[in-house]
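Here are the chains, one letter per residue:
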Amino acid sequence: MIKYFIGADIGTQSTRVIIYDAAGKEISRGSCKHPAMVSPQQGWMEHGKYDLWEAFCKAAQQAMAGYSGTNEELGGISFAYQSTTLFPISAEGEILYNAISWMDGRTVPEAEDLPENLSEDLKIASKTAKANWFKRVKPEVYAQTDKFLTVGGMISFMLTGSSDESLAGLLNNWPVDKPNWAPTDDDMMFKCYGMEKTHMGKLVMPGTLLGTVTQKAAQLTGLPEGLAVYAGALDKESEFVGSGITQPNKAYITAGTCTIMVRVSDKYVGGKFCTFAPIKGLYNYPVAVGKGFWIVSWFRDNLGQDLAAKASAEGKSIEQLLEEEAEGIPAGSNGLLVLPEWMPNLGLGHNFGKGMFVGFDDRHHRGHMYKALMEGIVMQMKQGFEADKGSGILDEVSELRIGGGGSQSSMFMQIVADVFGTKVIRAGTTETCSLGAAMYAAIGSGVYKDFADAAAHMTSDTDVFTPIPENQEFYSHWYEEVFSKTYDTLLPVLKNISKLTSDADIQFFL
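Just so you know, these numbers come straight off a predicted model, no measurement behind them. (Residues numbered from 1 in each chain as written. Predicted model: local features only at pLDDT ≥ 70, side-chain atom pairs only at ≥ 80, totals over all residues. Heavy atoms only, no water.)

### Quick look at the packing of aromatic side chains
Here is step 1 of the chain: One pass over the full model with this rule turns up 21 aromatic pairs.
Here is step 2 of the chain: Seen in terms of ring centroids, W44 and W133 are 5.4 Å apart; in terms of plane orientation they differ by 85°. Their pairing is edge-to-face. On the criterion of sequence distance, the pair formed by W44 in the loop between β3 (26-33) and β4 (46-47) and W133 in helix α3 (residues 130-137) is long-range, its members being 89 residues apart. Across the pair, exposure class does not vary: W44 and W133 are buried alike.
Here is step 3 of the chain: Here the aromatic rings of F56 and F79 are separated by 6.2 Å at their centres, their planes lie at 70°, and the arrangement is edge-to-face. With a gap of 23 residues between them, F56 in helix α1 (residues 51-65) and F79 in strand β5 (residues 74-81) connect regions that are remote in the sequence.
Here is step 4 of the chain: What makes F56 buried here is its relative accessible area of 0%. (Phe/Tyr/Trp six-rings, centres within 6.5 Å; stacked < 30°, edge-to-face > 60°. Helix = DSSP H or I, 4+ residues; strand = E, 2+ residues; numbered from the N terminus. Buried < 20%, exposed > 50% of the residue type's maximum accessible area, 1.4 Å probe, protein only.)

### Here we look at the environment of P330
Here is step 1 of the chain: Mapped onto the fold, P330 is located in the loop between α11 (318-326) and β18 (337-340).
Here is step 2 of the chain: The exposure class assigned to P330 is partly exposed, which follows from its relative accessible area of 38%.
Here is step 3 of the chain: When residues no more than four places from it in sequence are discounted, the contact partners of P330 are K371 and E375. (Contact = heavy atoms within 4.5 Å.)

### Section: the nonpolar core
Here is step 1 of the chain: If you look at the biggest cluster of nonpolar residues, it comprises 116 residues, and the most contacted ones within it are M381 and F412.
Here is step 2 of the chain: Of all the elements, helix α12 (residues 366-387) adds the most residues to this core, at 10 residues.
Here is step 3 of the chain: The contact partners of F412, leaving out residues within four places of it in the chain, are I253, A255, F293, M374, I377, V378, M381, I402 and G406.
Here is step 4 of the chain: Among the nonpolar cores identified, the runner-up in size contains 40 residues, and Y4, W53, C57 and F157 belong to it. (Core = buried A, V, L, I, M, F, W, Y, C linked by side-chain atoms within 4.5 Å.)

### Focus on unusual backbone geometry
Here is step 1 of the chain: At N249, a position not held by glycine, the phi torsion is positive, near 70°.
Here is step 2 of the chain: With respect to the element layout, N249 can be found in the loop between α8 (235-242) and β14 (250-254).
Here is step 3 of the chain: Since its relative accessible area comes to 39%, N249 is described here as partly exposed.

### Here we look at the packing of α12 against helix α16 (residues 469-501)
Here is step 1 of the chain: Two elements in contact, α12 and α16, have axes whose closest approach is 11 Å; the angle formed by their N-to-C orientations is 80°. In this view, α12 runs roughly perpendicular relative to α16, as classed from their interaxial angle. Across from K371, E375, G376, M379, Q380, K382, Q383 and E386 in α12, the residues of α16 making contact are Y475, W478, Y479, F483 and S484.
Here is step 2 of the chain: Split by residue class, the contact of α12 with α16 holds 5 nonpolar, 4 polar and 4 charged. (Axes fitted to C-alpha atoms, helices over the stretch in contact; angles between N-to-C directions. Parallel < 35°, antiparallel > 145°, perpendicular 65-115°, else oblique. Nonpolar A, V, L, I, M, F, W, Y, C, P; charged D, E, K, R; others polar.)

### Structural notes on the environment of L171
Here is step 1 of the chain: Checked against the element boundaries, L171 lands in the loop between β9 (165-166) and α6 (187-193).
Here is step 2 of the chain: Residues within four places of L171 in sequence aside, it is in contact with S83, T84, K178, L234, F273, C274 and T275.

### Quick look at the sheet that holds strand β16 (residues 275-276)
Here is step 1 of the chain: The strand order β16-β17-β15-β14-β20-β21-β22 describes an open sheet built from 7 strands, whose pairing is mixed. Two strands bound the open sheet, and with one partner strand each, they are β16 and β22 (461-465).
Here is step 2 of the chain: Across 4 bridges, the pairing between strand β20 (residues 399-403) and strand β21 (residues 423-427) is parallel. Within the sheet, the bridge partner assigned to I402 lies in β21 and is R426.
Here is step 3 of the chain: Contacts from α12 reach β14, β15 (259-265) and β17 (283-289) within the one sheet, and its direction differs from that of β17 by about 135°. (Pairing = 2+ DSSP bridges.)

### Overview of helix α9 (residues 292-303)
Here is step 1 of the chain: Taking 1.5 Å as the rise per residue, α9 with 12 residues should run 16 Å; its terminal C-alpha atoms sit 17 Å apart, in good agreement.
Here is step 2 of the chain: Turning to α9, its buried residues number three or more, namely G292, F293, I295, V296, S297 and F299. (Expected span 1.5 Å × (residues − 1).)

### A few points about the pairing of β20
Here is step 1 of the chain: Counting buried residues in β20 gives 5 out of 5 residues, a clear majority hidden from the surface.
Here is step 2 of the chain: Along β20, one buried face is formed by E399, R401 and G403 and the opposite face, lined by L400 and I402, is buried too.
Here is step 3 of the chain: Here β14 pairs with β20 via 4 bridges, running parallel. Along β20, the bridge assignment pairs Y252 with R401.

### A few points about the confidence of the model for the protein
Here is step 1 of the chain: For the protein, per-residue confidence averages 93 on the pLDDT scale, and 98% of positions sit at 70 or higher.
Here is step 2 of the chain: Low pLDDT, under 50, characterises residues 504-510; the stretch is placed with 16 contacts to residues that sit more than four places away or in other chains. (pLDDT = per-residue confidence, 0-100.)

### A look at the side chain of S434
Here is step 1 of the chain: For S434, the location among the structural elements is in helix α14 (residues 432-444).
Here is step 2 of the chain: Residue S434 is classed as buried on the basis of its relative accessible area, which comes to 0%.
Here is step 3 of the chain: Within the structure, the side chain of S434 is placed 2.7 Å from the side chain of Y20, a separation counted as a polar contact.
Here is step 4 of the chain: In contact with S434, not counting residues within four places along its chain, are G7, D9, I18 and Y20. (Polar contact = N/O pair within 3.5 Å; in protein donor to acceptor, adjacent residues only side chain to side chain.)

### Details of the packing of α1 against helix α5 (residues 151-160)
Here is step 1 of the chain: For the pair α1 and α5, interaxial distance at closest approach is 10 Å and the crossing angle is 60°. Judged on the interaxial angle alone, α5 and α1 are oblique. Here the hand of the crossing between α1 and α5 comes out right-handed. The residues of α5 that touch α1, namely those facing L52, W53 and F56, are V151, M154, I155, M158 and L159.
Here is step 2 of the chain: In terms of residue class, the contact of α1 with α5 is made up of 8 nonpolar, no polar and no charged. (Left-handed = near helix turned anticlockwise from the far one by under 90°.)

So, in structure tokens, the structure goes:
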């Protein structure tokens, strides 16, 4: 009898493999931090060829070491994974080049043989699609490439030998028919993306059986030979399912490395960036703060190192101590503002964005900086949300669910409730990503009939935060009169910074 499911979360900084029971309770886990990415040139970001696979193997071994059930009770494994990171794979199964990360900023000149009436999406794809970079800059690698795989595609390929991919795992680098939630046969689209049709495997739905774990993969991972491997989906998309959202017109914030508000809709809105949700027919419209809680980690590592010993002695995290320092600081951090653009926010057209603190005076200390950083992250999500009002996506949020590591911060949760003026629910686990992946296996194995059924049995809520009226009123003015004007006001200065320092990662936009 099937009792357990495995969900793997392959993120930017680490991989977690977690075994859940049919009620969504964690049974055992393994984790492995990824080696630092390499940057051959400014603006380029690459994972070592086998870094993510080796991290998955180690995390899977740890999870299986803590598992006391039988192999027959394991219903299968599925994945949630970072988007747009691309692997070129040979017909013999060799990874031919470092994986180009989603954080990578390299581009190529626009091809001369493309028609002038291309859509904006295809114009951008012709310059930024990573397969195009291989085709035009590394032709020797391109010539050997049999398949261009996603992170999830690479892991499932290593486990099973199948190069089939989840349709819900494709974004930006792979040509698909978004309006119809389907693969595409459009020759021009493939040309713009720099791919041959043979470079893509069969596209299937999340929860579709891809194959079973081979003997070789079992030896490397500790997973049982013959374990069912099911198609997964992107990490942020998986998180909303893992939080319990299965219907349109709701929103979810994943407070992770890339902090994103995901709005779930059953409408395709042309001209607006969206991804396939794990549930067929639904689209996810993200509002992203590119380095989100990565900036919080940056702050901790650079400005909170002196708290390490105290944190260890008190059994707390450094982030918890920083939050304690911020207790009692009013909304607006006594006039200290953060623009959280440690990388340019291209979704808002902030091509010259820089991270900045504005408004220091002698009242401010580290706690103010920490709270202002949280406020800046939330304010920028609101700015992206406001930019889409009237588009037909989602004009009002009646309920927000939040997961990811940042959801452990009650200060962050309350700021979200105050800024958006709505009820905010903390998901029952911070590991909504891996739980969503485990749900794909639970559905694929037939234990649950669909996502609503799986969510009813496997997800839960904890705390609920409601807006504090005076904070809500303040943040409304703070956003309209200060934050939303900051980038445009400083744009001439930001352009000069870029010009004088020759920032290679944004030269494409100059």
